[in-house]
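Residues per chain, in single letters:
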Amino acid sequence: MIGPIEIGIGFLIMMGLMFLGLHVATTMFVTAIIGSALYLGMPAVNAVGNELWAANEDYVLLSIPLYILLGEILVRSGTTDKMYKSLADWLNFLPGGLLHTNIGASALFSAVSGSSVATAATISTVALPTFKTRKYDQRMVLGSIAAGASLGNLIPPGIAFLIYGAMTNTSAGRLYAAGIVPGALMTLLFMGTIIGMALYRPKLMGTKEAPAPLREKLGRLRHLLAPLVIFGVVMGCIYTGWATVTESAALGVVVALPIAWLYGQLSVRMMHEAFRATLRLTAMSLLILTMAFYLNFVLGLLGVTQSLAGVVQSLHVSAVQLLWVLAVFYLLLGIFFETLPMLVGTVPLVFPLTVAAGIDPVFFGVFMVLMCEISLISPPVGMTLYVIQGVRGEGTIKEVFQGTIPFFLTMIVMTAILIHFPEIALWLPRISFG
Amino acid sequence: MPENLFSRALTRLVDTLVIIVGWWLVALSLLTCVEMVTRKVFSFSLQGIDEVGGYTLAVSAAIGYSYTLITRGHTRIDFMVGKLPFKARAVFNCLAMVTLAAMALFCISRAWVVLSESIEFQSRATTPLQTPMWIPQSIWFFGWIVFAVACVYLAGHSLLLLVKGKHEALNKAYGPQTLEEEIESEAGEVLEQVRQQNALKEAGAQS
């Protein structure tokens, strides 16, 4: 067993290598090799081969490429702007009008798309022209898109939950169930933020348009069906226990094909583009994940779990205190890191700490994903912010930063709610899985 | 990548593999649905979809690695490196490629041991299918070989650029993607589609 100081040094070496701009996968691999060469000897180093095979030959993880593929097909079915319009029909009456549509559309889109870059870029391209003539405060427009795009991982089926589940041996189905209520609450809080801003500073809001005739609204409603049907089928099968997470992902792919066909977008060329995007995102996540598995394996042999558990017990911290410390840690880390490296790079060390403090693994998964969402919109590195600015092509990035501030604060409030009322995450998995 | 026959051949090979894996994923999804229906309705189960699914992930990942490498998608934290003067940046970009190549080489040397032991001991999966392990492992190993070859090739090229002092070219080819490049590679055609729809709408509004 190695002591906490060696563990800390190892963690710093890994972070240091990351900051030198090495590939994130390489930094984990190097850290794992150093650890096993120093303390365990050649057998542990040579175990890489078996770990590579064992980590990747996994039926549950097959859900990652399948969910990504499902998203890529749906994204290419050309429904985004129709979906946006239909959502606007029903959300426009709220104070803050069209801004709510940004939240709703981004949330729907990002729930099916595996890439937050793609979400932010697509929703910006759809939404920004509609705002041109309506005199909304630009910052609110940009902020609401960024906030919406960050929702994707919390609302199932997200990839982050699958990765967390694989790394910690936590059931992906339970994690998905746990994400629903906090995801919905987060969406409502964002909308509440917009309503609050609209009432407090009416000048920030633009002109509202007259509601469309009901007949037209109902006619457009069908465009919301595609994402809802997919969501219903995929999640329904998981919650009723009819299908495993991977099976329902496969079902989702099969249902997405006729939807793309109905919209006249299904073609061999489109499928090939979807395949390329799918494998690219899959491999991006899996190379890091594979190396993280090997690192986890080495950390297990080194007795890191017991060592860290000892630290937690000797400090006498409560679960709530530990979660707040972690929240601050992740807020700081989120300034520099994107979702995936942050999740995969810290879970091997942080998870044993939380287990020792008696925190439920399912709950911690939700907490972790929320931290990832915050990192997406925290300047100056939040990738989505730059993407939105890039699509916008005018003004400065500062306006995007300012726009996210109210939503960033809302996320902090959400973090507090989650830490102090863990039941909002744990309630649904308990009643659906016992 | 440098402009030459080898780069084109490599890109072509990787792209073809990606497309094959893609269609296989669709086929496997269909099979999974068939299996679910027969299991529910006829209480008859096609054995081994999950096992094949596991192999599929290993193979898709191994093949995806090279595609992601070629399209510069493997994740790096560019926060500090991006702020360095361009010569120092070139050194770090080269270092990232060389270490990645070293990792890939080490991985294939160990992956080969896994495969050769499966062949030597004629190992089979402990499942109803009793798959001889060398079959899925050979395809998986092939994916890793392609990845390692691509890594070594690109690392060599980046070293060459560094030695020749072509820092700008090195940063352009091996630095983290710029924002425009990243948007293009993750959402390029989708955005094109949306822009076309926007243009159509504007044309409709004017007429």
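Residues numbered from 1 in each chain as written. Chains lettered and ligands numbered in written order. Predicted model: local features only at pLDDT ≥ 70, side-chain atom pairs only at ≥ 80, totals over all residues. Heavy atoms only, no water.

Per an unreviewed UniProt entry, the recorded name for chain B is TRAP transporter small permease protein, and the organism is Uliginosibacterium silvisoli. In its Function (unreviewed entry) section, the UniProt record describing chain B reads: "Part of the tripartite ATP-independent periplasmic (TRAP) transport system." In its Subcellular location (unreviewed entry) section, the UniProt record describing chain B reads: "Cell inner membrane". (UniProt positions renumbered as here; feature names shortened; annotations may be inferred.)

Per an unreviewed UniProt entry, chain A carries the name TRAP transporter large permease protein and comes from Uliginosibacterium silvisoli. The annotation that UniProt attaches to chain A under Function (unreviewed entry) is "Part of the tripartite ATP-independent periplasmic (TRAP) transport system."

1. A few points about the overall build of chain B
Along its length, chain B carries 6 helices and 0 strands. Reading the secondary structure of chain B in the N-to-C direction produces α-α-α-α-α-α. Expected size for 207 residues packed as a compact globule is a radius of gyration near 17 Å; at 22 Å, chain B overshoots this value by more than 25%. On the principal axes, the C-alpha backbone points of chain B span a range of 65 × 65 × 35 Å. The buried share of chain B, taken over its 207 residues, is 47%. Total accessible area on chain B is roughly 10300 Å²; 67% of this is exposed by carbon and sulfur atoms. Between the centroid of the 16 positive side chains of chain B and the centroid of its 17 negative side chains there is a distance of 6 Å. (Helix = DSSP H or I, 4+ residues; strand = E, 2+ residues; numbered from the N terminus. Rg over C-alpha atoms; globule rule 2.2 N^0.38 Å. Buried < 20%, exposed > 50% of the residue type's maximum accessible area, 1.4 Å probe, protein only. Areas by Shrake-Rupley, 256 points an atom, 1.4 Å probe, with all protein chains shown as cover. Lys, Arg positive; Asp, Glu negative; His and termini not counted. Charge placed at Lys NZ, Arg CZ, Asp CG, Glu CD.)

2. Here we look at the overall build of chain A
Helices and strands together make up the secondary structure of chain A, namely 22 helices and 0 strands. The globule rule puts the C-alpha radius of gyration for 434 residues at 22 Å, and the 22 Å found for chain A is close to it. Dimensions of chain A, computed from the C-alpha atoms along their principal axes, are close to 70 × 50 × 45 Å. Expressed as a percentage of its 434 residues, the buried residues of chain A come to 63%. Partitioning the contacts of chain A with sequence separation of at least 6, the portion at a separation of at least 24 is 80%. Carbon together with sulfur atoms contributes 69% to the accessible area of chain A, which is approximately 15200 Å² in total. Within chain A, one finds 21 positive and 18 negative side-chain charges whose respective centroids are separated by 15 Å. (Contact = heavy atoms within 4.5 Å.)

3. A short note on unusual backbone geometry
Negative phi values dominate among residues other than glycine, just as trans dominates among peptide bonds. The omega torsion across Pro156 of chain A and Pro157 of chain A is 0 degrees, close enough to zero to call that bond cis. Notably, Arg72 of chain B is not glycine yet its phi reads approximately 55 degrees, a positive angle. As for its position among the elements, Arg72 of chain B is in the loop between helix H2 (49-70) and helix H3 (86-120). With a phi angle near 45 degrees, Gln122 of chain B is a residue other than glycine that sits in the positive phi range.

4. Section: the interface of chain B and chain A
A common measure of how large an interface is: the accessible area buried when the components associate. Every contact between the two is made by 76 residues of chain B and, on the other side, 76 residues of chain A. Taking both partners together, chain B and chain A bury about 6900 Å²; carbon and sulfur atoms supply 72% of that area. On the chain B side of the interface with chain A, the three residues burying the most area are Leu57, Ile77 and Glu186 of chain B, jointly 11% of the side's total. Counting across the interface, chain B meets chain A through 2 salt bridges. Across the salt bridge formed by Arg39 of chain B and Glu247 of chain A, the nearest N and O atoms sit 3.0 Å from each other. At the junction of chain B and chain A, the tally comes to 12 residue pairs in polar contact (both at pLDDT 80 or more). (Buried area = accessible area lost by both parts, 1.4 Å probe. Salt bridge = Lys/Arg side-chain N within 4 Å of Asp/Glu carboxyl O. Polar contact = N/O pair within 3.5 Å; in protein donor to acceptor, adjacent residues only side chain to side chain.)

5. Structural notes on the UniProt feature "transmembrane region" (unreviewed entry) in chain B
Residues and elements named next belong to chain B. Mapped onto this structure's residue numbering, the UniProt feature "transmembrane region" (unreviewed entry) falls at residues 12-32, 52-70, 90-113 and 139-163. With 100% helix and 0% strand, residues 12-32 has its two end C-alpha atoms placed 30 Å apart. The span residues 139-163 is 100% helix and 0% strand, and its two end C-alpha atoms sit 36 Å from each other.

6. Quick notes on the pattern of salt bridges
In a structure, side chains of opposite charge can pair up when their charged atoms sit close to one another. Tallying each qualifying case throughout the model produces 9 salt bridges over all chains. Notably, a salt bridge pairs Asp15 of chain B with Arg276 of chain A, separated by 2.6 Å at the nearest N-O pair. You can see Asp15 of chain B sitting in helix H1 (residues 5-41) and its partner Arg276 of chain A sitting in helix H15 (residues 268-301), one on each of two chains. When the shortest N-O distance is used, the salt bridge between Glu35 of chain B and Arg39 of chain B registers 3.3 Å. One end of the pair, Glu35 of chain B, and the other, Arg39 of chain B, are both in helix H1, 4 residues apart, so they sit about a helical turn from each other. By relative accessible area, Glu35 of chain B is classed as buried at 6%. For Arg39 of chain B, a relative accessible area of 27% gives the class partly exposed.

7. Here's the deal with the nonpolar core
Residues Tyr67, Ile73, Met291 and Phe364 of chain A together with Trp140 and Trp144 of chain B are the most contacted members of the largest nonpolar core, which totals 219 residues. Broken down by element, this core gets its largest block of residues, 19 residues, from H15 of chain A. Excluding anything up to four places from it in sequence, Ile73 of chain A contacts Val253, Ala256, Leu257, Ala260, Met270, Met271 and Ala274 of chain A. Membership of the second largest hydrophobic core comes to 5 residues, among which are Ala243 and Leu251 of chain A together with Cys33 and Met36 of chain B. (Core = buried A, V, L, I, M, F, W, Y, C linked by side-chain atoms within 4.5 Å.)

8. Digging into the environment of Ile155 of chain A
All names here are of chain A. The residue Ile155 is located in the loop between helix H9 (138-149) and helix H10 (159-168) in this model. On the accessibility criterion, Ile155 (16% relative accessible area) is buried. In this structure, the C-alpha to C-alpha distance between Ile155 and Arg215, residues 60 residues apart in sequence, is 31 Å. Ignoring anything within four residues of it in the chain, the contact list for Ile155 reads Ala107, Ala111, Gly183, Thr187 and Phe231.

9. Let's talk about helix H13 (residues 222-239) of chain A
Because each turn of an α-helix spans 3.6 residues, side chains separated by three or four positions end up pointing in the same direction. Residues and elements named next belong to chain A. The terminal C-alpha atoms of H13, which comprises 18 residues, lie 25 Å apart, in line with the 26 Å expected from a rise of 1.5 Å per residue. Taken as a whole, H13 carries its principal kink of about 30 degrees at Leu228. Taken together, the buried positions of H13 are occupied by His223, Leu224, Ala226, Pro227, Ile230, Val234, Met235, Cys237 and Ile238. Just downstream of H13 lies Gly241, where phi reads positive at about 80 degrees. (Expected span 1.5 Å × (residues − 1). Bend = angle between axes of the 7 residues up to and from the residue.)

10. Things to note about the packing of helix H6 (residues 80-91) of chain A against helix H7 (residues 98-112) of chain A
Residue and element names in this part refer to chain A. For the pair H6 and H7, interaxial distance at closest approach is 9 Å and the crossing angle is 135 degrees. The angle between the axes of H6 and H7 places the two elements in the oblique class. Once H6 is placed against H7, the crossing between them reads as right-handed. Here Thr80, Met83, Tyr84, Leu87, Ala88 and Leu91 of H6 lie close against H7, whose contacting residues are Leu98, His100, Thr101, Asn102, Gly104, Ala105, Leu108 and Phe109. (Axes fitted to C-alpha atoms, helices over the stretch in contact; angles between N-to-C directions. Parallel < 35°, antiparallel > 145°, perpendicular 65-115°, else oblique. Left-handed = near helix turned anticlockwise from the far one by under 90°.)

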